[in-house]
Amino acid sequence: MQCVDNFRLQLGKKEVVPIVIGGMGVDISTAELALEAARLGGIGHISDAMVPDVSDKRFNTTFVKDKTKFYKVNIPNPDKSIIQFDLGLLAEATNLHVGATMEAKRGDGLVFVNCMEKLTMNAPRETLQVRMSSALDSGIDGITLSAGLHLGSFALIENHPRFRDAFLGIIVSSVRALQIFLRKNAKLNRLPDYIIVEGPLAGGHLGFGSDWAEHDLATIIAEVVQYLKKENLNIPIIAAGGIFTGTDAVSFLESGSSADQVATRFTVANECGLPSDVKQEYFKASEKDIEVNTISPTGYPMRMLKSSPAIGSGIRPGCESYGYLLDGNGSCAYITAYNRELVFHPDGKNISVLDKTCLCTHMSNFKCWTCGQYTYRLKDTSIKLEDGTYQTLSAEHIFKDYQYSVDQKVALPSKA
Ligand SMILES: Cc1cc2nc3c(=O)[nH]c(=O)nc-3n(C[C@H](O)[C@H](O)[C@H](O)COP(=O)(O)O)c2cc1C
């Protein structure tokens, strides 16, 4: 019987254990989590989502406080379009986060950064260029392009000295998105080094419309495999979304994928950035507690626990401090929804916004509990303690369970 350890992912000259821990912003896939994956010979992701905020919490910088102070007079203004990111400071925050992570890296694996295009930051091209270039400057092993079609992202870094030697990959949820990406980038003569195919059971934003439930990962992968074969392209495919056991992972490795990207199992790892009480919410969840909704201002459906405090919250838009989802015109769907409700509550009190959420503020405070579909199975991966809580697991335990388990088994931890 095969286990994941019988396979290896070949990326250029590098060979790694074919387990990738997916990027989970904002600082849910911490440096500590990504570094464990690398130490164990696989691939870990940090995320650069809201990196100045992450830097403040990790390195005692004051990026958010300083930005809030700078834009303070705009707080009562319903129009947030004047808010901009200082590109020098954005580079500094990225260098701190990525640099410290790469300095701490041990082992044979790799650490990549997840870059979401939807973090448009009121200057989509300029800010994305700084985020990616600074990550490359700071020695990141690779960049995974996510949450968007990324038609111009490669071009933004084509003059970077590491453009051809760092690993660059993209997350797609359809063969069509891949075709468009490859066509748009053909003139750069630089193919992605890997393609993550993410199906509808994943956590975070979904690359599907409201018909997400009609799609399935195995079918999309088969289409991508067929397309790459037809085009004579030899690019490793990494399967993602709903791969819960080592056996699930093997089944994708046997049918055209070269690795598996997983995340949900690691949300209850000690090294995961979610606060302890939130990890318990993930453990306790049952299937009916999980939904895919449209409250993210990005326009993508997002899966989360129905009990997320972010749902229905009517807090004032936090753009003076954050503003990561301001589009190229300085607007955000949450601001529009909030301003609509403000008309009925001019004092700003008791506002509830049901159709959108202030994702920046709620992700920063771990109040938007985004999760994969199989979160309800997490309780079967650990032991219940006398006080009724579940024991969190080491990332090493989960990683090795994926690597060595067979027969749909999940290894339980020994009591801490
Ligand atoms: C809590 C959580 C947060 C996530 N955040 C992001 C993110 O910021 N960017 C991204 O590209 N994918 C994100 N994802 C998706 C994962 O990286 C991964 O591809 C997917 O969840 C794998 O499926 P699984 O969770 O069923 O293992 C997130 C997933 C989870 C569970």
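Thresholds applied
Residues numbered from 1 in each chain as written. Predicted model: local features only at pLDDT ≥ 70, side-chain atom pairs only at ≥ 80, totals over all residues. Helix = DSSP H or I, 4+ residues; strand = E, 2+ residues; numbered from the N terminus. Rg over C-alpha atoms; globule rule 2.2 N^0.38 Å. Buried ≥ 20, exposed ≤ 12 C-beta atoms within 10 Å, placed from the backbone. Contact = placed C-beta atoms within 7 Å. Near = placed C-beta within 6 Å. Nonpolar A, V, L, I, M, F, W, Y, C, P; charged D, E, K, R; others polar. Pairing = 2+ DSSP bridges. Arc of directions from axis to C-beta. Axes fitted to C-alpha atoms, helices over the stretch in contact; angles between N-to-C directions. Parallel < 35°, antiparallel > 145°, perpendicular 65-115°, else oblique. Left-handed = near helix turned anticlockwise from the far one by under 90°. Right-handed = clockwise from strand over helix to strand, strands pointing away.

Draft legend 1. Structural context of the overall build of the protein. A tally of regular secondary structure across the protein gives 13 helices and 15 strands. Against the 2.2 N^0.38 benchmark of 22 Å for 416 residues, the protein shows a C-alpha radius of gyration of 21 Å, consistent with a compact globule. With 416 residues in all, the protein has 49% of them scored as buried. Within the protein, contacts between residues at least 6 apart in sequence are counted, and of these 75% link residues at least 24 apart.

Draft legend 2. Region of interest: the site of the ligand. Taken together, 30 residues are adjacent to the ligand, and Gly22, Ser146, Gly203, Gly204 and Gly372 come closest. Taken together, the residues that form the shell around the ligand break down as 14 nonpolar, 15 polar and one charged.

Draft legend 3. Summary view of the sheet that holds strand 9 (residues 204-205). Spatial strand order, 9-13-12: three strands in an open sheet with antiparallel pairing. Both edges of this open sheet fall to strand 9 and strand 12 (290-293), since each of them pairs with a single strand only. Direction of pairing for strand 9 relative to strand 13 (residues 302-305): antiparallel, over a ladder of two bridges. Across the sheet, residue Gly204 finds its bridge partner in strand 13, namely Arg303.

Draft legend 4. Main features of unusual backbone geometry. Cis geometry is found at the peptide bond from Gly25 to Val26, where omega equals 0°. Summarising the element assignment, Val26 is placed in the loop between strand 3 (19-21) and helix 1 (31-39). At Met50, a position not held by glycine, the phi torsion is positive, near 50°. Residue placement: Met50 occurs in the loop between strand 4 (43-47) and helix 2 (51-59). What makes Met50 buried here is the crowd of 26 C-beta atoms within 10 Å. If you check the backbone angles, Ala147 has positive phi at about 45° while not being a glycine.

Draft legend 5. Fine view of the environment of Gly148. Within the secondary structure, Gly148 sits in the loop between strand 6 (142-146) and helix 6 (153-156). Assessed through the 22 C-beta atoms surrounding it within 10 Å, Gly148 is described here as buried. Taking the C-alpha atoms as reference points, Gly148 and Leu119, 29 residues apart in sequence, are found 9.5 Å from one another. Not counting residues within four places of it along the chain, the set of residues in contact with Gly148 comprises Met116, Glu117 and Lys118.

Draft legend 6. Just helix 11 (residues 333-342), in detail. Along helix 11, the positions that sit buried rather than exposed are Tyr334, Ile335, Ala337 and Tyr338. Along the axis of helix 11, the buried residues cluster in a sector spanning 165°; they form a single face. Residues of helix 11 that are buried in the fold lie against strand 15 (352-353).

Draft legend 7. Molecular detail of the sheet that holds strand 3. One closed barrel holds the eight strands; their spatial order is 3-4-5-6-7-8-10-11, and the pairing between them is parallel. Neighbour-to-neighbour, the strand axes of the sheet open up by a mean angle of 25°, direction not taken into account. Sheet strands touched by helix 5 (residues 124-137): strand 5 (110-116) and strand 6. Its angle to strand 5, the strand with the most contacts, is close to 175°.

Draft legend 8. Spotlight on the packing of helix 1 against helix 13 (residues 395-404). Contact geometry of helix 1 with helix 13 gives a least axis separation of 10 Å together with a crossing angle of 45°. The angle between the axes of helix 1 and helix 13 places the two elements in the oblique class. For the element pair helix 1 and helix 13, the recorded crossing hand is right-handed. From helix 1, Leu33, Glu36 and Ala37 reach across to helix 13, where they touch Ala395, Glu396 and Phe399. Counted by class, the contact of helix 1 with helix 13 contains four nonpolar, no polar and two charged residues.

Draft legend 9. Spotlight on helix 2. Of the residues making up helix 2, those classed as buried are Val51, Pro52, Asp53, Val54 and Ser55. Of the surrounding elements, those touching the buried residues of helix 2 are helix 3 (63-70), helix 4 (87-103) and helix 12 (359-364).

Draft legend 10. How the structure looks around the pairing of strand 11 (residues 259-262). Alternating residues of strand 11 divide into Ala259 and Gln261 and Asp260 and Val262, and every residue in both groups is buried. By the bridge criterion, three bridges tie strand 3 to strand 11 in an arrangement that is parallel. Paired with Val20 across the bridge in strand 11 is Gln261. Pairing between strand 10 (residues 237-240) and strand 11: three bridges, direction parallel. Residue pairing for strand 11: Ala239 is matched across the bridge by Asp260. One crossover worth recording links strand 10 to the parallel strand 11 by way of helix 9 (residues 246-253), and it is right-handed.

Draft legend 11. Local environment of the environment of Phe7. Position of Phe7 among the secondary structure elements: in the segment before strand 1 (9-11). Note on Phe7: 19 C-beta atoms within 10 Å, which makes it partly exposed. Look past the residues within four positions of Phe7 in its chain and what remains in contact with it is Pro18 and Leu253.

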